[in-house]
Amino acid sequence: MENCNDVKINGVIMQDSSFWVASFFDCSNIEINNVKITGQWRYNTDGIDLVNCKNVILKNSFIHAFDDVVVIKAYSQFEDVKNEVVENIIVKDCVLWCNWGRTIEIGIETVAKEYKNITFTNCDLIHNSASAIDVQNGDCASIHDLTIENVNVELQNSTMPEIYQ
C-alpha cells in the first residue's frame, strides 16, 4: 500500500510471498489486527515493512517471515522525506518468528527527520536468527522514545548460521 490513510486489515492470512509480504509506504492511521503470515522461504520476504509511516497499530498477529519480521524504515524516494517524522507505531500482543534476518528492526534505512513514539510490547520473539532486536541508523534520523517492554526473546543454541542463496 502506498499513500494510504485510515486502513484496517483484520483476520487475513498471507503465505508464500516472493518479496516483502505486507508493505506500507508513506501511510498513516493503519490498524493491522489478527494477521497471520506464514510459508515464507525466500530471502527478502520481510513480514511487515512500515516505510515512512505514522500512527500504526499492529496487534494480535502471528508473523513467520524468512527475512526480517517487522521493520520500520524511511526511504528518500518520497518528497521532502528529510523533514518527515516516523512516529506513533505500536506493535503489541504478537508472536514474531524469524528464520534468517532480524525479528524486530528499526532501520537501516532511516532517511527522516526523526523516529519517535515507537513501542513493542507483550510480544514473543521466537526462532530468532541474526538479531532479535536491531536498531540501525544508517542515515540521518534522530531515534528516540523507543520502548521495548514485556518482550520474550527465545534463545536457541541450535540456530543455523545464515546462508545466502
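Further up the page is the structure itself.
Residues numbered from 1 in each chain as written. Predicted model: local features only at pLDDT ≥ 70, side-chain atom pairs only at ≥ 80, totals over all residues. Heavy atoms only, no water.

Evaluation of the coordinates by the stated rule reveals 6 aromatic pairs. Ring geometry for Phe19 against Trp20: centres 5.5 Å apart, planes inclined by 10°, an arrangement best described as stacked. Among the residues examined, Phe19 registers a relative accessible area of 44% and is labelled partly exposed. With 4.8 Å between their ring centres and 85° between their planes, Tyr43 and Phe66 make a pair best called edge-to-face. (Phe/Tyr/Trp six-rings, centres within 6.5 Å; stacked < 30°, edge-to-face > 60°. Buried < 20%, exposed > 50% of the residue type's maximum accessible area, 1.4 Å probe, protein only.)

Counting 39 residues, the largest nonpolar core has Phe24, Ile48, Ile72, Tyr115 and Phe120 as the members making the most contacts within it. The greatest single-element share of this core, amounting to 5 residues, is contributed by strand S13 (residues 114–126). Residues in contact with Ile72, not counting those within four places in the same chain, are Leu50, Val86, Ile89, Glu105, Ile106, Gly107, Tyr115, Ile118 and Phe120. (Core = buried A, V, L, I, M, F, W, Y, C linked by side-chain atoms within 4.5 Å. Helix = DSSP H or I, 4+ residues; strand = E, 2+ residues; numbered from the N terminus. Contact = heavy atoms within 4.5 Å.)

Attention shifts here to the pairing of strand S9 (residues 70–74). By the criterion of burial, S9 is predominantly enclosed, with 5 of the 5 residues buried. Where burial is concerned, the two faces of S9 agree: the one with Val70, Ile72 and Ala74 and the one with Val71 and Lys73 are both buried. Bridge count for strand S6 (residues 48–51) against S9 is 4 bridges, and the pairing is parallel. Residue pairing across strands places Val51 opposite Lys73, the latter belonging to S9. Pairing geometry for S9 and strand S12 (residues 102–110), over 4 bridges, is parallel. Bridge pairing in S12 links Val70 to Ile104. (Pairing = 2+ DSSP bridges.)

Here the focus is the sheet that holds strand S3 (residues 22–25). Read from one edge of the open sheet, 5 strands run S3-S6-S9-S12-S14, paired in parallel fashion. Because the sheet does not close on itself, it has two edges, and the strands there are S3 and strand S14 (131–135). In this sheet, neighbouring strand axes are inclined to one another by 15° on average, regardless of whether the strands run parallel or antiparallel. Inspection of the sheet shows S3 paired to S6 by 4 bridges, in the parallel sense. What sits directly across from Phe25, in S6, is Val51. (Axes fitted to C-alpha atoms, helices over the stretch in contact; angles between N-to-C directions.)

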